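Secondary and tertiary structure notes
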Amino acid sequence: MSQKTDVLVVGAGPTGLTVAIELARRNIKVRIIEQRNQPSTRSKALVVHARTLEFFDILSIAEEVVSRGYTSPGIDFSADAQNPLRANMYGLDTRFPYILILPQAQTEAILEHRLNQLGVEVERSSSLIHFQETETGVFTTIEYEDCTQIDIEAKYLVGADGARSTVREYLGLPWNGSSYSWTAFLGDIHLEGHHAEGGTEQHSNDRGLAFIVPFDDGSHRIVTIDRKYQNQPKKRELKLEELQESISAILEKPVYLSQPKWLSRWGAELRLTPRYQVGRVFIAGDAAHTHSPAGGQGMNTGIQDAFNLGWKLAFAVKGELPQNLLNTYDTERHKIGDRVLRISDLLLRSLLLRQSWLRQMRELLFRIFIPLPFLQRKLAENLSGLGVSYDTGAGKLAGKRIPDMELMSAAREQVRLYQLLRFPGYTVLLFINPNQAQSARKQIDQILNSGDQMLRLYVILNNGLPQLHNFKASTLVDYRGDFETKLGAKTGRIILVRPDAYVAFDMDALDANTFEKQLKRWKPRKSLSQVAVNV
């Protein structure tokens, strides 16, 4: 007899774990399987960007993630570590205006612990060997390490099982693109003779390109793409002496390597599947897109896929989401995957220019243009993920990321908007002044009657005392003027925020009937279901 669940997630990397967390904290029955018998201790990904940290803030794990890593001011576009040329994150409007250096294994451990807190364990040594979509779900067969098998019937299936995705292959989706021709050396190792004083570094010369990232235990991640070694077999074991000779040649000085934790030859692929969804089956992360390591985009893009998909699947399971909105996962995230693929490829190719005169020209042009304020802002927003937007509906803010803002409660307590967004349903913000609280009271009360287990509303005053107004919703004060300075919003504004902290729609009039019509696209009926347990 088959077992039943709401959603089966295949793959317990950062993408799969994030999807599972988003489902579990909304009371969705989820199972997550992983072929590996234990968590990986090796980490290809090291960079956690600002938008990912904002999502972690909503999941209540951002503080722990930040405490385990260290910050770097931005992504370096120069190959001269002594004179870095960064897309500087320090000016971004976020609690996390930097890139965080943290090995992927630690990010996974924090995510898995959060999932365990929600009552879900990763089922390891488990492989998906077959699945078939039915009228009501997906029928799957799972095989364990001892060759025993079970059948699981799920309403939806999510493939977060990496670049060699079994789910994608069973769907017959093309894996468009190609492998890079180069092979990199990778080592987590102790380094003597060079000190990465500025944190992350990159260097290049006629031999190739090198990345150096220090870890807090005194070891370093060293990656080289060395032209001298490109004709060697890719599967040949990497020797310590080869990595030492390579990094010394690119640094143009002798260095000494010892105590290797991990040595590997490594390559990358530039691939994108044409669809992220087929019926009740979804793919995310490296199962849907792989790209250049430049800019630290891979893991972050996968986690952001998961954050886009998780709440939509949860609402679909509860019957609270129209089918056309579930389909927006593919339309919204595919174009982001395509953009990340192109940008990361261009960045890496610019760093791997072979001819010396081209590298000099690159440095000259980069040093002229990258410091320009407009270009600095665009680069930082795109690389950090804060610049991502979607086509969601009506309003000047529709589809844009909503930034964190600091508000004041009636009890004189400071409350951040992203703390409010930990509620795993929709959030409505009514931004008004004290006069409108009286003159538009009937319209406001009608809007506030929309609240239920899937929709939470807040009245935000631009000044005054919240306790003077007896609304059927929490009333806060925008005491710093963040709505005006960050959003350009005037009072009399209604903003519907999706669970992934993007604006679904906004209105510049307190019109209850229009609001209800707009809301039906996102939430067709009043909910009686319970949406969350432990948020």
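Keep in mind it's a predicted model, so treat the numbers as computed, not measured.

**What about the pattern of salt bridges?**
- Taken as a whole and assessed by the stated rule, the structure comprises 40 salt bridges.
- Here Arg416 ties to Asp57 by a salt bridge, and the two come within 2.8 Å at their closest N and O atoms. In this pair, Arg416 is assigned in strand S23 (residues 414–416) and Asp57 in helix H2 (residues 50–58), connecting sequence segments 359 residues apart.
- One network of salt bridges, with partners in common, ties together Asp57, Glu63, Arg95, Asp404, Arg416 and Arg422.

**Considerations on the packing of helix H14 (residues 441–448) against helix H16 (residues 512–522)**
- Closest axis-to-axis distance for the H14/H16 pair is 9 Å, and the angle between their directions is 20 degrees. Taken together, the axis directions place H14 and H16 in an arrangement best described as roughly parallel. At the point where H14 passes H16, the crossing takes the right-handed sense. Packed against H14, whose contacting residues are Gln443, Gln446 and Ile447, the element H16 presents Ala512, Asn513, Phe515 and Glu516 at the interface.
- Among the residues forming the contact of H14 with H16, the class breakdown is three nonpolar, three polar and one charged.

**Remarks on the environment of Ser264**
- You can see Ser264 is positioned in strand S17 (residues 256–266).
- According to the relative accessible area criterion, Ser264 is buried, its value standing at 19%.
- Setting aside residues no more than four positions away along its own chain, Ser264 makes contact with Ala184, Phe185, Leu186 and Leu238.

**Focus: the packing of aromatic side chains**
- The tally for this structure, following the rule as stated, stands at 16 aromatic pairs.
- Ring plane angle 55 degrees and centroid distance 6.1 Å describe the contact between Phe505 and Phe515, whose orientation is recorded as tilted. You can see Phe505 sitting in strand S28 (residues 503–507) and its partner Phe515 sitting in helix H16, a full 10 residues away along the chain.
- Phe505 gets classed as buried once you look at its relative accessible area, which sits at 1%.
- Ring pairs connect the aromatic residues Tyr156, Tyr276, Phe282 and Tyr329, which therefore count as one cluster.

Criteria and thresholds
Residues numbered from 1 in each chain as written. Predicted model: local features only at pLDDT ≥ 70, side-chain atom pairs only at ≥ 80, totals over all residues. Heavy atoms only, no water. Salt bridge = Lys/Arg side-chain N within 4 Å of Asp/Glu carboxyl O. Helix = DSSP H or I, 4+ residues; strand = E, 2+ residues; numbered from the N terminus. Axes fitted to C-alpha atoms, helices over the stretch in contact; angles between N-to-C directions. Parallel < 35°, antiparallel > 145°, perpendicular 65-115°, else oblique. Left-handed = near helix turned anticlockwise from the far one by under 90°. Contact = heavy atoms within 4.5 Å. Nonpolar A, V, L, I, M, F, W, Y, C, P; charged D, E, K, R; others polar. Buried < 20%, exposed > 50% of the residue type's maximum accessible area, 1.4 Å probe, protein only. Phe/Tyr/Trp six-rings, centres within 6.5 Å; stacked < 30°, edge-to-face > 60°.

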